[in-house]
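Observations on chain architecture
The residues making up each chain are set out below.
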Amino acid sequence: MTGAARGLGAAIAIALAERGVEPILLGRSAQSLAETADAVGRISNLSPRLIAADVAAWDQLEAALRGCIKDGERLWGVVNNAGIIDPIALVEECDPVAFARCISINLIGTFNVLRACLPLLAESGIIANMSSGAADAEHAGWSAYSASKAALERLSATLAAERPDLTVVAVRPGVTDTGMQQLIRDSSIDNAIKRLPREDLQPVNVPAREIARLFVETIAQPLDRSIEAKSINQYLQAK
């Protein structure tokens, strides 16, 4: 899983370990993954494998993944969680380089991970791409983030149509108390999310546990594609 060093990614890795799934942790450096790896190791009594790579750098990512996965080994699934919200800026003031970097990580990085992992996925595997309600909302200052998440949902839907043997979902985990929320609060751009009281944000373990449950249950029985691009909360209510 990507973006495993902190926040929601770390919480999902821990939740998967609690359900008996051995997560392979991917982050920009092995050092950044150390705390998550320690937590997973205490739960699973294993030393989790670490992949140090930038998801936006295709050659680096492919080589690192190839060096981690053993010959003949298959992945049960992929959790695409790596992402950034910066730049938070009005379109007319946004730094083009920062805008492109956001798209590169959130969208192209997701594609790169999919492209590298698809040949390794087991039959009836699951792919969970972390999206956001921002995919169809107009929050001031979030042009790069919203555009990347809207495109990610179309990428997910297209892959689901191409690969009916897999379960592909774009998950909207809801407004969660992570470091990204602090960046939103520290920004100079006002919008509805920035004004939310911190006590109204859900703890990170709430979506993490449900995503882990979704992952494990899907391995046993593939999901109805109709939940694609819906939030975890909507899916749970529908069940």
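Report on the accompanying structure. (Residues numbered from 1 in each chain as written. Predicted model: local features only at pLDDT ≥ 70, side-chain atom pairs only at ≥ 80, totals over all residues. Heavy atoms only, no water.)

1. Some remarks on the pairing of strand β3 (residues 75-80)
The buried fraction of β3 is high, at 5 of 6 residues. Here β3 pairs with strand β4 (residues 121-130) via 5 bridges, running parallel. Paired with Gly77 across the bridge in β4 is Ile126. Taken together, β3, helix α4 (residues 96-117) and β4 form a β-α-β motif whose crossover is right-handed. (Buried < 20%, exposed > 50% of the residue type's maximum accessible area, 1.4 Å probe, protein only. Helix = DSSP H or I, 4+ residues; strand = E, 2+ residues; numbered from the N terminus. Pairing = 2+ DSSP bridges. Right-handed = clockwise from strand over helix to strand, strands pointing away.)

2. Some remarks on the pairing of strand β5 (residues 167-171)
Counted residue by residue, β5 has 5 buried out of 5 residues, so it is predominantly covered. Of the two faces of β5, the one lined by Thr167, Val169 and Val171 and the one lined by Val168 and Ala170 are each fully buried. Both β4 and β5 contribute to a ladder of 5 bridges, which runs parallel. Pairing of Ile126 across the sheet is with Thr167, part of β5. The parallel pair β4 and β5 is bridged by helix α5 (residues 143-162), and the resulting crossover is right-handed.

3. A closer look at the packing of aromatic side chains
Two measures describe an aromatic ring pair: the distance that separates the ring centres and the angle between the ring planes. Going through the model one piece at a time under the given rule, you end up with 1 aromatic pair. Between Trp142 and Tyr145, the ring centres sit 5.8 Å apart and the planes meet at 90 degrees, which makes this aromatic pair edge-to-face. Comparing Trp142 with Tyr145, the two get one shared label, buried. (Phe/Tyr/Trp six-rings, centres within 6.5 Å; stacked < 30°, edge-to-face > 60°.)

4. As for the nonpolar core
In terms of nonpolar packing, the biggest core is built from 26 residues, with Met1, Ile12, Leu25, Met130 and Val171 touching the most fellow members. Mapped onto this core, the elements with two or more residues apiece are α1 (7-18), α2 (34-44), β4, β5 and α7 (205-220). In terms of residues, this core owes the most to one element, α1, which gives 7 residues. Counting residues in hydrophobic clusters, the runner-up holds 25 residues, among them Ile24, Ala53, Leu75 and Val78. (Core = buried A, V, L, I, M, F, W, Y, C linked by side-chain atoms within 4.5 Å.)

5. What to know about the packing of helix α3 (residues 58-68) against α4
Between α3 and α4, the shortest axis-to-axis distance is 10 Å and the interhelical angle comes to 35 degrees. α4 is crossed by α3, and the crossing has right-handed handedness. Here Trp58, Leu61 and Leu65 of α3 lie close against α4, whose contacting residues are Asn112, Val113, Arg115, Ala116 and Cys117. Within the contact of α3 with α4, the residues separate by chemical class into 6 nonpolar, 1 polar and 1 charged. (Axes fitted to C-alpha atoms, helices over the stretch in contact; angles between N-to-C directions. Left-handed = near helix turned anticlockwise from the far one by under 90°. Contact = heavy atoms within 4.5 Å. Nonpolar A, V, L, I, M, F, W, Y, C, P; charged D, E, K, R; others polar.)

6. Regarding the pattern of salt bridges
Evaluation of the coordinates by the stated rule reveals 10 salt bridges. Between Arg213 and Glu217 there is a salt bridge, with the nearest N and O atoms lying 2.9 Å from each other. Placement of both Arg213 and Glu217 in helix α7 is noted, with a separation of 4 residues, approximately one turn of the helix. In this structure, a network of salt bridges that share partners links the residues Asp136, Glu153 and Arg172. (Salt bridge = Lys/Arg side-chain N within 4 Å of Asp/Glu carboxyl O.)

7. Details of the sheet that holds β3
Read across the open sheet, the 3 strands follow the order β3-β4-β5; overall the sheet is parallel. Since the sheet does not close on itself, it has two edges, and those belong to β3 and β5, each with one partner. Each neighbouring strand pair of the sheet contributes to a mean axis angle of 10 degrees, computed without reference to strand direction. In the packing of α4 onto the sheet, contacts are made with β3 and β4, and the angle to β3 comes to roughly 175 degrees.

Treat this as a map of the structure, not an account of what it does.
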